[in-house]
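So you can see what is in the structure, the chains are spelled out below.
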Amino acid sequence: MSNAENRQSVPGHWEHGPLPSNAVVGIDSIITGNLAFKRFRSRQEKALQIGAHCTMDGVHFALGEKARVEIGDYCYFTNAVLLSEMELRIGNYVVIGWNATLADTDFHPIAPAERIADALACSPLGKGRARPEVPCRPVIIEDDVWIGPNATILKGVRVGAGAFIEAGSLITRDVPPRARVLGNPAQIIGEVT
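Keep in mind that what you see is a predicted model, and the values were worked out from it rather than measured.

**A look at the environment of Gly-64**
Here is step 1: With respect to the helices and strands, the residue Gly-64 is situated in the loop between strand E6 (60-63) and strand E7 (68-71).
Here is step 2: Its relative accessible area of 8% is what places Gly-64 among the buried residues.
Here is step 3: Sequence separation between Gly-64 and Arg-41 is 23 residues, and the spatial gap between their C-alpha atoms is 5.1 Å.
Here is step 4: Not counting residues up to four positions away in its chain, the partners in contact with Gly-64 are Arg-41, Ser-42, Ser-84 and Glu-85.

Encoded structure:
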């Protein structure tokens, strides 16, 4: 019997302490980095679900109160930032390079008058004013996607299976399966062979 066959599976874990009670991490998966849950505020049941055999190396899980993040099996993310107020769904065999960011919202209004109202509501002068509604739309990353370092994927985007996002790309609209994209905003430059 080889060492690989003889090896025991271990429960998924965060190397810096206990997982939040609403985080589920699959066997042989690990989360590193002491800041992984610094901005984890989701109150949803199973707010974070990570599959088996994943490495989340230095990943920041910044989840708002209503956010859910689902990550498949055999994924490797390094120093990525996952910003969610609604939903991020990531498939199996996905690789995300350092400093890449996925965001399902802008986190603030875009229109100038609403930005001012939001700034006031968030300030001590706001005295309990409600913030204007900020649009959210899910981000979906299908299986076998490679996302390069410093890439950014914005709200409402679906990245098709087998796509290749070049380093530094800004993804503002859907990416077809097996497409290779580059730029700001990203454009299709070829197909993954």
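**As for the sheet that holds strand E15 (residues 152-153)**
Here is step 1: Pairing is parallel across the open sheet formed by five strands, whose spatial order is E6-E9-E12-E15-E18. Both edges of this open sheet fall to E6 and strand E18 (170-171), since each of them pairs with a single strand only.
Here is step 2: Sheet topology places E15 next to E18; two bridges connect them, and they run parallel. Paired with Thr-152 across the bridge in E18 is Leu-170.

**Side note on the packing of aromatic side chains**
Here is step 1: Applying the stated rule across the entire model yields five aromatic pairs.
Here is step 2: Relative to Phe-37, the ring of Trp-14 has its centre 4.9 Å away and its plane inclined at 75 degrees; by these criteria the two rings are edge-to-face. A residue pair is termed long-range when its members are at least 10 positions apart, and Trp-14 in strand E1 (residues 13-14) and Phe-37 in the loop between strand E3 (30-31) and strand E4 (48-50) qualify at 23 residues. Side by side, Trp-14 and Phe-37 carry an identical accessibility label, which is buried.
Here is step 3: Judged by centre distance (5.4 Å) and plane angle (85 degrees), the rings of Phe-37 and Phe-40 are edge-to-face.
Here is step 4: Ring pairs connect the aromatic residues Trp-14, Phe-37, Phe-40 and Phe-61, which therefore count as one cluster.

**Side note on the side chain of Ser-29**
Here is step 1: Along the chain, the position of Ser-29 falls in the loop between strand E2 (23-25) and E3.
Here is step 2: In this structure Ser-29 comes out as buried when scored by relative accessible area, which is 2%.
Here is step 3: A distance of 2.8 Å separates the side chain of Ser-29 from the backbone nitrogen of Cys-54, its partner in a polar contact.
Here is step 4: Setting aside chain neighbours within four positions, we find Ser-29 in contact with Pro-11, Gly-12, His-13, Ile-50, Gly-51, Ala-52, His-53 and Cys-54.

**Details of the nonpolar core**
Here is step 1: Core analysis: the largest hydrophobic core is formed by 43 residues, its most contacted members being Met-56, Phe-61, Ile-71, Phe-77 and Ile-141.
Here is step 2: Elements with a minimum of two residues in this core: E2, E4, E6, E7, strand E10 (87-90), strand E13 (139-141) and strand E19 (179-183).
Here is step 3: Excluding residues within four positions of it along the chain, Phe-61 makes contact with Ile-31, Ala-36, Phe-37, Arg-39, Phe-40, Leu-48, Ile-50, Met-56, Ile-71 and Leu-82.

**Quick word on unusual backbone geometry**
Here is step 1: Going from Asn-184 to Pro-185, the amide bond is cis rather than trans, its omega being -5 degrees.
Here is step 2: Relative to the assigned elements, Pro-185 resides in the loop between E19 and strand E20 (186-191).
Here is step 3: Phi at Asp-144 is positive, roughly 60 degrees, even though this residue is not glycine.
Here is step 4: Its location among the elements puts Asp-144 in the loop between E13 and strand E14 (146-147).
Here is step 5: Asp-144 gets classed as partly exposed once you look at its relative accessible area, which sits at 47%.

Rules used throughout
- Residues numbered from 1 in each chain as written.
- Predicted model: local features only at pLDDT ≥ 70, side-chain atom pairs only at ≥ 80, totals over all residues.
- Heavy atoms only, no water.
- Helix = DSSP H or I, 4+ residues; strand = E, 2+ residues; numbered from the N terminus.
- Buried < 20%, exposed > 50% of the residue type's maximum accessible area, 1.4 Å probe, protein only.
- Contact = heavy atoms within 4.5 Å.
- Pairing = 2+ DSSP bridges.
- Phe/Tyr/Trp six-rings, centres within 6.5 Å; stacked < 30°, edge-to-face > 60°.
- Polar contact = N/O pair within 3.5 Å; in protein donor to acceptor, adjacent residues only side chain to side chain.
- Core = buried A, V, L, I, M, F, W, Y, C linked by side-chain atoms within 4.5 Å.

Coordinates in, geometry out; function isn't part of it.
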